[in-house]
Amino acid sequence: FYVSEIEKDNNTSQNISTLKLAATFGIDPQKAKQSFVYGEGIIGQCAMDARMRHIDSPPTDYMQIDSGLGHSQLKSIVIYPIIHEDSTCAVVEFASLVKFDDKEIMLLRQIVENIGITINSISRNMLTERLYQEIAIKNNILASQKQALD
């Protein structure tokens, strides 16, 4: 699961859209690529194009799924951009030990749409909290300035 972030390029001072690894399941997070620039690899292409990607029979050198019982080769990968208000806010990659059928892909699409709504809601709540904290700090400054004047 990769979350979209905006970073400043130190060399050019331009904003760069990146995707940062936020969570994994069934794989060692240390083995996963930690970030992508939009357009880089399949994850970055998915974010840039805002289109789902489906890979059946990925190469054998792709990462394996780990469990307590062992490891197994991937048979199918579905990568979805999480879109909210016409922009990519994240990319989620689903891997399976069997090939995804059309119904499963449709179900994943519906889940991804709900994730986009949830991410947007959390982002707005975080912004509201940050603004509330800024107002509280400014109120404290004003109160101390008022005390100094009295």
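Chemist: Outline the side chain of Arg53, supporting the account with residue identities and numerical values.
Modeler: Tracing the backbone shows Arg53 in strand β4 (residues 53-56). For Arg53, the side chain forms a polar contact with the side chain of Asp49, separated by 2.8 Å. Those residues in contact with Arg53, other than ones at most four positions away along the chain, are Ile42, Gln45, Cys46, Ile77, Val78 and Ile79.

Chemist: Before we move on, can you summarise the nonpolar core with the specific residues and values?
Modeler: With 13 residues, the main nonpolar core has Tyr2, Leu19, Phe36, Ile43, Ile77, Ile79 and Val91 as its most contacted residues. At the level of secondary structure, the elements contributing two or more residues to this core comprise β2 (15-21), α1 (41-49) and β7 (76-84). Grouped together as the second largest cluster of nonpolar side chains are eleven residues, Tyr80, Ala90, Ile105 and Leu108 included.

Chemist: Could you give an account of unusual backbone geometry, naming the residues involved and the relevant values?
Modeler: For Ser57, which is not a glycine, the phi torsion comes out positive at approximately 55°. Here Ser57 lies in the loop between β4 and β5 (65-67).

Chemist: Tell me what's going on with the sheet that holds β2, and back it up with residues and numbers.
Modeler: Taking strand neighbours across the sheet as the criterion, the six strands line up as β3-β2-β1-β8-β7-β4 in an open arrangement whose pairing is antiparallel. Single-partner strands in this sheet number two, and they are β3 (35-37) and β4. Neighbour to neighbour, the strand axes of the sheet diverge by 25° on average, direction disregarded. Two elements, strand β1 (residues 2-8) and strand β8 (residues 87-96), share two bridges in a ladder whose sense is antiparallel. Following the sheet pairing, Tyr2 is matched in β8 by Val91. Against the sheet, helix α2 (residues 102-149) touches β4, β7 and β8, its axis set at about 35° to β7.

Chemist: Which residues make up the pattern of salt bridges, and what values do they have?
Modeler: Scanning the entire structure with this criterion turns up five salt bridges. Between Arg53 and Asp49 there is a salt bridge, with its nearest N and O atoms 2.8 Å apart.

Chemist: Could you give me a rundown of the layout of surface pockets, with the residues and numbers involved?
Modeler: In this approach, a probe sized like a water molecule rolls over the atoms, and the result shows the empty space that is left. Put simply, the largest pocket is a space of about 720 Å³. For the largest pocket, the lining is made up of 26 residues, of which Ile27, Met63, Leu74, Glu93 and Ala95 are closest to its centre. When contributions to the lining of the largest pocket are tallied by element, the ones reaching two or more residues are α1, β7 and β8. The biggest single contributor to the lining of the largest pocket is β8, with three residues. Classifying every residue of the lining of the largest pocket by side-chain character gives 20 nonpolar, three polar and three charged. Taken as a whole, the second largest pocket encloses approximately 320 Å³ of empty space. For the second largest pocket, the full set of lining residues is Val3, Ser4, His84, Glu85, Ser87, Thr88, Cys89, Ile119, Asn120, Ile122, Ser123 and Met126. Put simply, the parts of the chain that give the lining of the second largest pocket at least two residues each are β1, β8 and α2. The biggest single contributor to the lining of the second largest pocket is α2, with five residues. Classifying every residue of the lining of the second largest pocket gives five nonpolar, six polar and one charged.

Cut-offs applied
Residues numbered from 1 in each chain as written. Predicted model: local features only at pLDDT ≥ 70, side-chain atom pairs only at ≥ 80, totals over all residues. Heavy atoms only, no water. Helix = DSSP H or I, 4+ residues; strand = E, 2+ residues; numbered from the N terminus. Polar contact = N/O pair within 3.5 Å; in protein donor to acceptor, adjacent residues only side chain to side chain. Contact = heavy atoms within 4.5 Å. Core = buried A, V, L, I, M, F, W, Y, C linked by side-chain atoms within 4.5 Å. Buried < 20%, exposed > 50% of the residue type's maximum accessible area, 1.4 Å probe, protein only. Pairing = 2+ DSSP bridges. Axes fitted to C-alpha atoms, helices over the stretch in contact; angles between N-to-C directions. Salt bridge = Lys/Arg side-chain N within 4 Å of Asp/Glu carboxyl O. 1 Å grid on protein atoms, 1.4 Å probe; cavity = no way out; pocket = protein on both sides within 12 Å on 5 of 7 lines; lining within 4 Å. Points joined across faces, edges and corners; volume = space filled by probe spheres on them. Nonpolar A, V, L, I, M, F, W, Y, C, P; charged D, E, K, R; others polar.

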